[in-house]
Amino acid sequence: MVTAFKRHHDLVRLLNLLPYFEAHPGRSMMEAAADLGLTPAQVQEDLARLFCCGPGIGPDELVDMDANLRSVRILDNQGMDAPLRLTRTEAAALLLALENLENVPGLVDRTAVVSAANKLRDIMGLETVAVFDSAGEELFPETMLDTIRASMEQRVQLLCTYNSATRGIVKDRALSVVRLFTKNAQGYITAFDHDHNEHRTFRLDRLSEPRLSTERATPRTHEINFDPNDPFGFNNSSKQALLEIEESSLWLTETLPVTIGEETADGYVQITLPLVDEQWLIQFALSHADRVRVVEPREIATQVSLRAQSGLSLYDLPMNQ
Amino acid sequence: MASELPRDVTIERLVNLTFAFLNLKRVGRSYLTLDWVVRNIEGYKYNAKGQERSQRTLEKLFERDRRTLSFAGVPIETVVMDNTVGYRLSDDDYRLPEVSFTPEEATVLALAGQMGQGDELATFTRSGWTKIAASGINRDVSITPQFTTVNDFATLSASTLDTILQAHNNHTRLSFMYQPHPAAEAVERWMDPWGLVSQRDRLYLVGHDLDRDEVRTFRITRISEVEPLDMDDETVASYGPFHKADPSVNLQELVDAQLRRGRLLVNATVRAIDPQRCAELIDGAVESNGDVYELVDVDKDWLVRTACAYAPHAVVLGPDDVVSAVVAQLRLAAKENS
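Nothing here was measured: the structure is a model prediction, and the numbers come from that model.

Caption draft 1: Quick peek at empty space enclosed by the protein. What the rule picks out here adds up to three cavities of 30 Å³ or more. Put simply, the largest cavity is a space of about 60 Å³. Lining of the largest cavity is provided by E99, E102, N103, S134, A135, G136 and E137 of chain A together with S198, Q199, R200 and Q252 of chain B. Of the residues in the lining of the largest cavity, the class split is one nonpolar, six polar and four charged.

Here's what the structure looks like:
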């Protein structure tokens with residue numbers, strides 16, 4: 001089924017491709033695809049479609065072009081020579097995306113983010129003022145992002161020290177970075193870990209001393225299917241955990257793929273969630289013990305209890321308590 | 001050229017219609033009529049089964065195409081001339097205004113256009129970038145880093161965004177359903193919207209809450225069914241004229257203030273028994289003596305919870321109220337999970 005959104009994108013692509021090649025004469029289909037975030041096959045298909053279009057069906061009324069993979073030249077654009085104006089929704093969506101980018105200095109040039117947003121706001125006038133121009137903040141150290149970006153751009157491996165806090169292991173790593181993403185103001189990279197020979201996700205606040213290697217980066221990009229809505233692969237997990245959460249604290253699970261179940265007699269709600277990281281769940285239960293308890297798996301509940309007891313043993317407590 | 005291109009009748013009809021409007025002047029016409037469109041543009045007269053469409057169906061089809069085009073940024077206006085209804089391109093609104101972006105700005109716009117946040121908004125960032133790219137800016141196409149955000153933007157639908165933008169501009173009251181947490185019953189709230197604020201990877205709707213008669217901020221993930229209210233309706237009007245934001249007010253500071261409400265900042269001393277295994281707790285703290293760290297101005301609730309999360313690798317040494325809170329929390333953890 002063709003959704004309204006796909007149709008919108010198809011239409012905008014087709015109506016702007018002739019102006020695009022007019023403005024970039026001789027550009028190859030590959031370059032255009034990279035610039036527009038499309039596959040070369042899509043650009044080729046779009047041009048072929050435009051080749052059969054025009055204001056009429058006479059020979060003088062059709063688009064004409066000299067198009068091959070290496071170079072595209074528009075011979076007759078049939079009047080379609082200007083890019084379309086931005087709609088309110090497009091401009092606002094871009095401004096919101098720029099607001100996000102403002103928080104990742106080092107990955108991009110923050111001055112350019114701010115000036116690009118200002119120019120967009122200028123041409124849109126009052127239409128997009130509802131998108132507040134927030135002051136950006138540094139979610140991650142600029143120097144770290146700078147090194148990560150450089151490793152991606154130069155296609156060399158990233159060397160760093162990684163502290164796997166949940167396991168307490170600190171190790172040097174050699175990574176081929178595939179992608180950088182943020183989730184809830186936390187930064188992560190997905191990278192091929194050359195010591196473990198597989199793709200893993202790393203939290204930026206646990207990564208230190210990033211530096212560039214001279215080894216070429218060799219991410220097995222084709223092996224991973226990144227789902228932006230499920231970056232941690234929750235959906236691929238076969239194990240489940242059953243928790244009970246106090247009802248008014250259910251917002252804690254807002255960003256987790258939970259299924260809400262029955263309510264218990266004492267005002268807790270049962271939830272199930274995919275179990276991808278046992279250490280994470282133990283820490284979550286310890287930290288929210290006033291409003292969360294683990295029901296299943298039993299062995300995790302036991303570990304939470306044991307960790308709490310050994311933590312308590314470190315405090316100087318009167319014997320009778 | 002590819003010879004076996006799958007036909008897409010709708011898209012070709014829409015593109016050809018745009019060409020026809022763009023060429024009005026060239027053919028010496030000032031407007032097009034529906035009749036002309038049906039006679040000259042393939043895809044109108046007959047339906048997919050090859051049957052001739054009725055006049056009523058044609059009118060509806062043309063209206064739908066007009067809306068689709070307008071949504072893409074091709075505004076078609078209605079004119080009445082010589083007792084005939086005609087249509088033409090609203091020329092001033094068709095072209096992207098003259099704007100020049102530097103190569104550095106082009107790079108960030110390309111990234112903004114392609115970072116794919118949410119399924120719906122991604123369509124619009126992408127199409128927005130396509131238009132800007134078509135204006136002729138040049139950038140180094142080899143450097144678009146792979147970057148994605150997984151945050152509140154994913155839950156914001158294009159139509160909700162548009163409703164909020166429009167209500168803000170036209171000073172229209174909004175109604176929406178607010179759900180403080182996933183199991184709570186959603187309640188209807190009315191608001192005079194002031195804006196959307198992005199703060200620490202989260203997105204908030206800020207405005208004047210009519211029932212509370214106060215400024216309120218709502219995280220976008222917790223609201224749904226955002227709809228404009230009829231300002232002429234008696235109940236809607238009873239709240240008085242639209243409450244405008246004071247132009248000097250900084251919406252981001254309002255969000256900050258609401259988030260900070262109920263927070264208590266403390267200074268604390270923590271012993272890190274295994275600093276590697278409680279790195280989050282002592283991040284930013286000052287090492288005072290061996291394994292002892294001083295934490296300054298930290299949220300008390302965060303401190304208690306984080307100290308518990310990393311037990312037994314860290315111990316809070318003081319102040320006493322934090323120590324008691326950690327001990328109480330650990331006792332609960334021991335009891336509730338056994």
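Caption draft 2: A look at the interface of chain A and chain B. Listed per partner, the contact involves 131 residues of chain A and 130 residues of chain B. Summed over both partners, the interface of chain A with chain B comes to about 11,800 Å²; 62% of that surface belongs to carbon and sulfur atoms. Across the contact surface, chain A and chain B share nine salt bridges. Applying the counting rule to chain A against chain B returns 42 residue pairs in polar contact (both at pLDDT 80 or more). The element that contributes the greatest number of residues to the side of chain A that touches chain B is helix 1 (residues 4-23) of chain A, accounting for 15 residues. Bridge analysis of strand 4 (residues 169-183) of chain A against strand 3 (residues 147-150) of chain B gives four bridges, and the strand direction is parallel. Across the sheet, residue L180 of chain A finds its bridge partner in strand 3 of chain B, namely F147 of chain B.

Caption draft 3: Inspection of the pattern of salt bridges at higher detail. Summed over all chains, the structure comprises 36 salt bridges over all chains. Across the salt bridge formed by R203 of chain A and D205 of chain A, the nearest N and O atoms sit 2.8 Å from each other. For R203 of chain A, a relative accessible area of 16% translates into the label buried. A salt bridge links R66 of chain B to E63 of chain B, with the shortest nitrogen-to-oxygen separation between them at 3.4 Å.

Caption draft 4: Up close: the nonpolar core. Of all hydrophobic cores here, the largest spans 125 residues; its most connected members are L98, L101 and I189 of chain A. A total of nine residues in this core trace back to one element, the largest contributor, which is helix 4 (residues 88-101) of chain A. Setting aside chain neighbours within four positions, we find L101 of chain A in contact with V108 and V113 of chain A together with V108, L111, A112, M115 and F147 of chain B. Counting 53 residues, the second largest nonpolar core, distinct from the first, contains Y315 of chain A together with A268, V298 and A311 of chain B.

Caption draft 5: Region of interest: the side chain of T161 of chain A. In this structure, T161 of chain A sits in strand 3 (residues 156-164). Excluding anything up to four places from it in sequence, T161 of chain A contacts V170, K171, D172, R206, L207, S208, E209 and R211 of chain A.

Caption draft 6: Region of the structure containing the side chain of S151 of chain A. Residue and element names in this part refer to chain A. Mapped onto the elements, S151 comes out in helix 6 (residues 142-154). Engagement of the side chain of S151 in a polar contact is seen with the backbone oxygen of I148, the distance being 3.0 Å. Beyond its immediate stretch of four places on either side in the chain, S151 contacts V156, Q157, L158, V177 and L212.

Rules used throughout
Residues numbered from 1 in each chain as written. Chains lettered and ligands numbered in written order. Predicted model: local features only at pLDDT ≥ 70, side-chain atom pairs only at ≥ 80, totals over all residues. Heavy atoms only, no water. 1 Å grid on protein atoms, 1.4 Å probe; cavity = no way out; pocket = protein on both sides within 12 Å on 5 of 7 lines; lining within 4 Å. Points joined across faces, edges and corners; volume = space filled by probe spheres on them. Nonpolar A, V, L, I, M, F, W, Y, C, P; charged D, E, K, R; others polar. Contact = heavy atoms within 4.5 Å. Buried area = accessible area lost by both parts, 1.4 Å probe. Salt bridge = Lys/Arg side-chain N within 4 Å of Asp/Glu carboxyl O. Polar contact = N/O pair within 3.5 Å; in protein donor to acceptor, adjacent residues only side chain to side chain. Helix = DSSP H or I, 4+ residues; strand = E, 2+ residues; numbered from the N terminus. Pairing = 2+ DSSP bridges. Buried < 20%, exposed > 50% of the residue type's maximum accessible area, 1.4 Å probe, protein only. Core = buried A, V, L, I, M, F, W, Y, C linked by side-chain atoms within 4.5 Å.

In short, shape yes, function no, at least from these values alone.
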